[in-house]
Amino acid sequence: MQQTALVVGARGVIGGNLIAHLEHEGDWKIIGLSRRGGDDTAAVRHIAVDLLDRDDTASRLAGLTDVTHVFYAAYQDRSSWAELVGPNLAMLTNVVDAIEPVAPHLEHISLMQGYKVYGAHLGPFATPAREDDPPHMPPEFNVDQQQFLERRQATANWSWSALRPSVVAGVGLGNPMNLAMVIAVYASMSKELGIPFRFPGKPGAYSSLIEMTDADLLAKATVWAATSPEGRNQAYNITNGDLFRWSSMWPKIARFFDLEVAPPLPMNLTEVMADKADLWNSMVAKHDLVETPYEDVSSWRFGDFVFGWDYDVIADGSKSRRAGFHEYVDTEAMFLRIFQDLRDRRLIPAG
Ligand SMILES: NC(=O)c1ccc[n+]([C@@H]2O[C@H](COP(=O)([O-])OP(=O)(O)OC[C@H]3O[C@@H](n4cnc5c(N)ncnc54)[C@H](OP(=O)(O)O)[C@@H]3O)[C@@H](O)[C@H]2O)c1
């Protein structure tokens, strides 16, 4: 039977790269959900829907009887951890309530999570984090989402899996969490202004251990977990497989952008970059870039969040390897590939 993927959050940095991977695999029928919708291709049909609206979700998903796999990577951003719970749990619930009764061949629901399950966002947590580490004090929307799936799966024919990436790097626009874009735009602006490349995070963040997850690697792992017996009702940390410190990565990124490195200077990017829309617009005109609104390239709040981690942010990725997923990515090569891709697409200046 033809496999049909319902990618929830199709315009996200994770969902968009997942669709690209499924298209590349070639044997999937793909349906993408987001509020913005998108241009259909031979393999992908986009549906614009507000998943917070239970009735809208039910009526727009009513005809999706062929769906075999749900890949859930939608996300509603909020300014506090507690506020994230309601909308993010409601969107998942609305999707499952809508699709379960109409899709008799539903095999699997894949849930995108992250290191927040381990409390990485709260402060120094036990590292390397393992999938079976004990839970922490709520609120935590990733945990509520997983518990919802576990409860529903107990009386269902489908299985679930949960993927726990580190910071995800991929090409995407208009995403609140996009570190590659933060670095690329920050570096391009430093160059435009003729100033050196300074790490803007906390002093301790420069020397702490961190790891990344390439969006394409994550897509491969997500499909592997959703289609392998080892993935059934399991959670997996998914990481590139190497660790680094910004103190060693920053000069390599500087070299790509042909910038001098100067000592770090802690700054609040949300504040410091707030007045840079005119600079961005002038760069778009001068370098003949694709016209992208400044809001769509600036996840500065996320930059402040990640560059504020003055403690190790690492998880143990061995469970997925033991279960049969053996892909890895060189993180330096990943950054440079993404920056080159952004240049080739004329989203940032070429040099
Ligand atoms: N990015 C990272 O570095 C990272 C790292 C670890 C874990 N994660 C986790 O991965 C998940 C996905 O993150 P992401 O960074 O890919 O998010 P994202 O780029 O913000 O994408 C979110 C997606 O959800 C859609 N969406 C939001 N509200 C919607 C609504 N009401 N109805 C329909 N669609 C809606 C958005 O499209 P529209 O705006 O068009 O609706 C978009 O397609 C999150 O749970 C996040 O915590 C992310």
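Everything numeric in this text was worked out from a predicted model, so none of it was measured.

An account of the packing of aromatic side chains is requested, with residue identities and associated values reported.
By the definition in use, this model includes 26 aromatic pairs. Judged by centre distance (6.1 Å) and plane angle (45°), the ring pair of Trp-246 and Phe-335 falls under tilted. Residue Trp-246 is found in helix H8 (residues 246-256), and its partner Phe-335 is found in helix H14 (residues 331-344); the two are separated by 89 residues along the sequence. Both residues of the pair, Trp-246 and Phe-335, count as buried. By the ring-pair criterion, three or more aromatic residues cluster together here, those being Tyr-186, Phe-197, Phe-199, Tyr-206, Phe-244, Trp-246, Trp-250, Phe-256, Phe-257, Phe-307, Phe-335 and Phe-339. When the ring centre of Tyr-236 is taken as origin, the NZ or CZ atom of Lys-319, which lies over that ring, is 4.8 Å away.

Lay out the side chain of Ser-228 with the relevant residues and their values.
Its location among the elements puts Ser-228 in the loop between helix H7 (215-227) and strand E10 (234-238). Within the structure, the side chain of Ser-228 is placed 2.6 Å from the backbone oxygen of Trp-224, a separation counted as a polar contact.

Account for the site of the ligand, with residues named and values stated.
Near the ligand there are 30 residues, and of these Arg-11, Arg-35, Arg-36, Asp-50 and Gln-76 occur at the shortest range. Here Ile-14 contributes a backbone N or O atom positioned 3.1 Å from an oxygen atom of the ligand. Note that a nitrogen atom of the ligand is positioned 3.3 Å from one of the backbone N or O atoms of Val-49. Here the residues of the shell around the ligand are counted per class, giving 18 nonpolar, eight polar and four charged. No fewer than three residues from each of domain 1 (3-165 + 214-238) and domain 2 (168-211 + 243-344) sit in the shell around the ligand.

Describe the sheet that holds E10, with residues and values.
In space, the seven strands of this open sheet follow the order E3-E2-E1-E4-E5-E6-E10, with parallel pairing throughout. Across the chains shown, the open sheet's two edge strands, defined by having one partner strand only, are strand E3 (44-48) and E10. Ignoring which end each strand starts from, the neighbouring axes of this sheet average 20° apart. The strands touched by H7 are strand E1 (3-8), strand E2 (28-34), strand E4 (69-72), strand E5 (108-112), strand E6 (159-165) and E10; relative to E6, the strand with the most contacts, the crossing angle is about 160°.

Break down the nonpolar core for me, with residues and values.
Considering soluble globular proteins, one finds that nonpolar side chains tend to be buried as a cluster. Counting residues in each nonpolar core, the largest one holds 75 residues, and the members touching the most others are Leu-179, Trp-246, Phe-307 and Phe-335. The leading source of residues in this core is helix H5 (residues 179-193), at ten residues. Residue assignment places this core across two domains, with domain 1 (3-165 + 214-238) and domain 2 (168-211 + 243-344) each supplying three or more. If we ignore the near neighbours within four places in the chain, the residues touching Phe-335 are Ile-183, Met-212, Phe-244, Trp-246, Met-249 and Ile-253. By size, the runner-up hydrophobic cluster in this structure holds 30 residues, among which are Ile-31, Leu-149, Trp-160 and Ala-235.

I'd like a description of the domain arrangement of the chain, backed by residues and values.
Here the chain is partitioned into domain 1 (3-165 + 214-238) and domain 2 (168-211 + 243-344). Counting residues at the interface gives 37 residues for domain 1, matched by 33 residues for domain 2. Taking both sides of the interface into account, the surface hidden between domain 1 and domain 2 amounts to around 2,700 Å²; carbon and sulfur atoms contribute 62%. If you look at where domain 1 meets domain 2, you find four salt bridges. A salt bridge links Arg-130 to Asp-316; its shortest N-O distance comes to 3.2 Å. Those elements that provide at least two residues to the side of domain 1 that touches domain 2 are helix H1 (13-25), H7 and E10. When residues in the side of domain 1 that touches domain 2 are grouped by element, the largest group, six residues, is from H7. For the side of domain 1 that touches domain 2, the residue count by class is 20 nonpolar, eight polar and nine charged.

Reading the values: the criteria
- Residues numbered from 1 in each chain as written.
- Predicted model: local features only at pLDDT ≥ 70, side-chain atom pairs only at ≥ 80, totals over all residues.
- Heavy atoms only, no water.
- Phe/Tyr/Trp six-rings, centres within 6.5 Å; stacked < 30°, edge-to-face > 60°.
- Helix = DSSP H or I, 4+ residues; strand = E, 2+ residues; numbered from the N terminus.
- Buried < 20%, exposed > 50% of the residue type's maximum accessible area, 1.4 Å probe, protein only.
- Lys NZ or Arg CZ within 6 Å of the ring centre and 35° of its normal.
- Polar contact = N/O pair within 3.5 Å; in protein donor to acceptor, adjacent residues only side chain to side chain.
- Near = heavy atom within 4 Å.
- Nonpolar A, V, L, I, M, F, W, Y, C, P; charged D, E, K, R; others polar.
- Domains from an automatic or database assignment.
- Pairing = 2+ DSSP bridges.
- Axes fitted to C-alpha atoms, helices over the stretch in contact; angles between N-to-C directions.
- Contact = heavy atoms within 4.5 Å.
- Core = buried A, V, L, I, M, F, W, Y, C linked by side-chain atoms within 4.5 Å.
- Buried area = accessible area lost by both parts, 1.4 Å probe.
- Salt bridge = Lys/Arg side-chain N within 4 Å of Asp/Glu carboxyl O.

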